[in-house]
Amino acid sequence: MEKINIIVVGASGKMGQAIEAESVARGHEVVARIRSTDAWNLQGADVAIEFTQPESAVANLERLAALGTPVVCGTTGWFAELPRVNTAFAQAGNKLVFASNFSLGVQLAFQLNRQMAELFAPYRDQYTPSIEEVHHTAKKDAPSGTAISFAEGLLTHFTGLNGWSLDAQEPGALPVYARREDPVPGTHTVRYESDIDRIELVHTAHNRRGFALGAVLAAERIHNLEPGAHHFSKLLFS
């Protein structure tokens, strides 16, 4: 595997350490970590990995698009602006890989979630679906981007539901429960409940390593893509 030089934008503390550890383990190097207040010198970097906050992600991505270094974005909560970001990267001839969750296990669970929803859809009169996610208290967006992805995959087959809602009492909506508890890295549960039984698809993250590994895998493969924004799953399942 060819060595790549990685710059991490915004990630500090445990997430930054996890990305650096996975990069080194796979023969790569994190050559710098930069914050939004730093001078953004990406010279010598093959890929930038962006982990910041939802409110700053779009501006960061547009800035990175213009700088020309391919980007892996692990920030969530900005996907409503995806068309705008895609245009920025396509016009700049640059590449972006994004996902609500870079864990390989979560990406596999997304695939299972869609298959599960397809199987349950004919029995929607018997089973009521719901989604629950639990994260550490420092996570700002609720529900998580991962929970929203699970909801969207389920709703593809449960077309009678009117979207998802954090209000469990909203008529006709898929209930999504968001809880914040330390030190939980992330647990997501897709649940189907009936009067006689309960079936659950659960993904529990034991640590941040899975997120970091997925981001580094994306950094290794991003050069195979065309300019523009691409979901991480394209690198895994296409």
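Our subject is the structure that appears above.
We now turn to the structure provided with this report. (Residues numbered from 1 in each chain as written. Predicted model: local features only at pLDDT ≥ 70, side-chain atom pairs only at ≥ 80, totals over all residues. Heavy atoms only, no water.)

On to the side chain of S103, then. Note on placement: S103 falls in the loop between strand 5 (95–98) and helix 4 (104–120). The exposure class assigned to S103 is buried, which follows from its relative accessible area of 6%. (Helix = DSSP H or I, 4+ residues; strand = E, 2+ residues; numbered from the N terminus. Buried < 20%, exposed > 50% of the residue type's maximum accessible area, 1.4 Å probe, protein only.)

Before going further, it helps to spend a moment on the nonpolar core. Counting 24 residues, the largest nonpolar core has I49, V72 and V97 as its most contacted members. Of all the secondary-structure elements, those providing two or more residues to this core are strand 1 (5–9), helix 1 (13–25), strand 3 (47–50) and helix 6 (209–221). V72 has contacts with V47, A48, I49, E50, V97, F102, A215, A218, A219 and I222, leaving out every residue within four places of it along the chain. W40, A57, V85 and L96 belong to the second largest nonpolar core, which has 21 residues in total. (Core = buried A, V, L, I, M, F, W, Y, C linked by side-chain atoms within 4.5 Å. Contact = heavy atoms within 4.5 Å.)

We now examine the pattern of salt bridges. Overall, the coordinates contain 14 salt bridges when judged by the stated rule. With a closest N to O distance of 3.1 Å, D141 and K139 form a salt bridge. The pair formed by D141 and K139 is uniform in burial state, with each residue classed as buried. Between E200 and R191 there is a salt bridge, and its shortest N-O distance comes to 2.6 Å. Classification of E200 by relative accessible area gives partly exposed; the value is 36%. On the accessibility criterion, R191 (15% relative accessible area) is buried. Among the charged side chains, a salt-bridge network with shared partners connects E132, R179, E181, R191, E193, R198 and E200. (Salt bridge = Lys/Arg side-chain N within 4 Å of Asp/Glu carboxyl O.)

In this section: the packing of aromatic side chains. Taken as a whole, this structure holds 8 aromatic pairs when the rule is applied. Note on F120 and Y127: the rings are 5.0 Å apart at their centroids and 80° apart in plane angle, and the pair reads as edge-to-face. The class for F120 is buried, based on a relative accessible area of 12%. On the basis of an interplanar angle of 10° and a centroid distance of 4.0 Å, the ring pair of F120 and Y192 is categorised as stacked. Remark: Y192 occurs in strand 9 (residues 187–193) and F120 occurs in helix 4; sequence separation between them is 72 residues. (Phe/Tyr/Trp six-rings, centres within 6.5 Å; stacked < 30°, edge-to-face > 60°.)

Quick look at the environment of A215 now. Examined against the element boundaries, A215 turns out to sit in helix 6. Take A215: its relative accessible area is 0%, and that puts it in the buried class. A215 sits 114 residues away from N101 along the chain, and the two C-alpha atoms are 9.2 Å apart. Once you skip the residues sitting within four places of it in the chain, A215 turns out to touch I49, F51, V72 and F102.

In a packed pair of helices, the relevant descriptors are the angle between the two axes and the axis-to-axis distance. Relative orientation of the contacting elements helix 4 and helix 5 (residues 145–155) amounts to 30°, with a least axis distance of 8 Å. When the interaxial angle is binned, helix 4 and helix 5 end up roughly parallel. In this structure, helix 4 crosses over helix 5, and the sense of that crossing is right-handed. Of helix 5, the residues touching helix 4 (which contributes V106, A109, F110, N113, R114 and A117) are T146, S149, F150, G153 and L154. Each residue belonging to the contact of helix 4 with helix 5 can be placed in one class, and the counts come to 6 nonpolar, 4 polar and 1 charged. (Axes fitted to C-alpha atoms, helices over the stretch in contact; angles between N-to-C directions. Parallel < 35°, antiparallel > 145°, perpendicular 65-115°, else oblique. Left-handed = near helix turned anticlockwise from the far one by under 90°. Nonpolar A, V, L, I, M, F, W, Y, C, P; charged D, E, K, R; others polar.)

Read from one edge to the other, the open sheet built from 5 strands follows the order 7-8-6-9-10, with strand pairing classed as mixed. Of all strands in the sheet, those bounded by a partner on one side alone are strand 7 (164–165) and strand 10 (198–204). One ladder, built from 5 bridges, connects strand 6 (residues 128–135) with strand 8 (residues 174–180); its direction is parallel. Paired with E133 across the bridge in strand 8 is A178. Lying over the sheet, helix 4 contacts strand 9 and strand 10, oriented at roughly 165° with respect to strand 10. Contacts between helix 5 and the sheet are confined to strand 6, strand 7, strand 8, strand 9 and strand 10, with strand 9 contributing the most and set at about 30° to the helix. (Pairing = 2+ DSSP bridges.)

Position of A32 relative to the elements: it lies in strand 2 (residues 29–34). Exposure remark for A32: the relative accessible area of 25% places this residue in the partly exposed category. In this structure the C-alpha to C-alpha distance between A32 and D125, which are 93 residues apart in sequence, comes to 54 Å. A32 has contacts with I6, I7 and V8, leaving out every residue within four places of it along the chain.

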